[in-house]
Amino acid sequence: MGKITSHLRNTLYQVEIQSESGNQIVADEPIELGGGNLGFSPDELVRAALAACTSATLRMYADRKGWDLQDVNLELDFIWDKELSKTTIHRNIHLSGNLDEAQKDRLLNIANMCPIHKVYSNPIEIISSLK
């Protein structure tokens, strides 16, 4: 996995993010938090990573099996419980195509195996340093 770099200039909370492969996005805070709402908020980026990974994982699996998966739509909601220091992400998956119940059940299990799901479901260690 490549490095991600970010740069924050003088515009409040607007962060330019670039991948090692050259892809770019902007993150920002919503207006009610003092930002300009010019990009995904950090918690939206967390959910977006899970949505993208889940969708791609389901597509890859269905394609390998030759299943008629026509469309994948996800809705993700993010809840932070300060008292329990716990994050809960509700992921609702809607699958379209000529799929039987066994195939849908298998795809739900596969959704839980996407790499980002595994990252978010296990302990994460973040090591920070100043350069």
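As a reminder, the structure under discussion sits directly above these lines.
Model, not experiment: these values are computed from the prediction.

A. The overall build of the protein, seen in detail. Looking only at helices and strands, the protein has three helices and five strands in total. Of the regular secondary structure in the protein, the N- to C-terminal order runs β-β-β-α-β-β-α-α. Computed over C-alpha atoms, the radius of gyration of the protein comes to 18 Å, more than 25% over the 14 Å expected from 2.2 N^0.38 for 131 residues, which places it beyond the range of a compact globule. Taken along its principal axes, the extent of the C-alpha atoms in the protein is 55 × 40 × 30 Å.

B. Geometry of the side chain of R47. Relative to the helices and strands, R47 is located in helix α1 (residues 42-65). Judged by relative accessible area, which is 18%, R47 ranks as buried. Excluding its chain neighbours within four sequence positions, the residues that come into contact with R47 are L76, D77 and F78.

C. Seen up close, the sheet that holds strand β3 (residues 24-27). In spatial order, the strands read β1-β2-β3; together these three strands make up an open sheet with antiparallel pairing. Edge strands, defined here as strands with exactly one partner in the open sheet, are β1 (4-8) and β3. With strand direction ignored, the average angle separating the axes of adjacent strands in the sheet is 25°. In this structure, strand β2 (residues 15-19) lies alongside β3, joined through four bridges in antiparallel fashion. Across the sheet, E16 pairs through a bridge with V26, a residue of β3.

D. Seen up close, the environment of D100. In this fold, D100 is placed in the loop between β5 (86-98) and α2 (101-111). Judged by its relative accessible area of 42%, D100 is partly exposed. Separated by 28 residues in sequence, D100 and S128 place their C-alpha atoms 47 Å apart. At a separation of 3.1 Å, a polar atom in the side chain of D100 contacts the main-chain amide nitrogen of A102. Among the polar contacts listed, one links the side chain of D100 to the backbone nitrogen of Q103, at a separation of 2.7 Å.

E. Representation of the pattern of salt bridges in the model. According to the stated counting rule, one finds four salt bridges in the structure shown. Between D63 and R59 there is a salt bridge, with its nearest N and O atoms 3.0 Å apart. Of the two residues, D63 and R59 both sit in helix α1, four residues apart, roughly one turn of that helix. The class of D63 is partly exposed, set by a relative accessible area of 46%. On the accessibility criterion, R59 (28% relative accessible area) is partly exposed.

Calculation rules
- Residues numbered from 1 in each chain as written.
- Predicted model: local features only at pLDDT ≥ 70, side-chain atom pairs only at ≥ 80, totals over all residues.
- Heavy atoms only, no water.
- Helix = DSSP H or I, 4+ residues; strand = E, 2+ residues; numbered from the N terminus.
- Rg over C-alpha atoms; globule rule 2.2 N^0.38 Å.
- Buried < 20%, exposed > 50% of the residue type's maximum accessible area, 1.4 Å probe, protein only.
- Contact = heavy atoms within 4.5 Å.
- Pairing = 2+ DSSP bridges.
- Axes fitted to C-alpha atoms, helices over the stretch in contact; angles between N-to-C directions.
- Polar contact = N/O pair within 3.5 Å; in protein donor to acceptor, adjacent residues only side chain to side chain.
- Salt bridge = Lys/Arg side-chain N within 4 Å of Asp/Glu carboxyl O.

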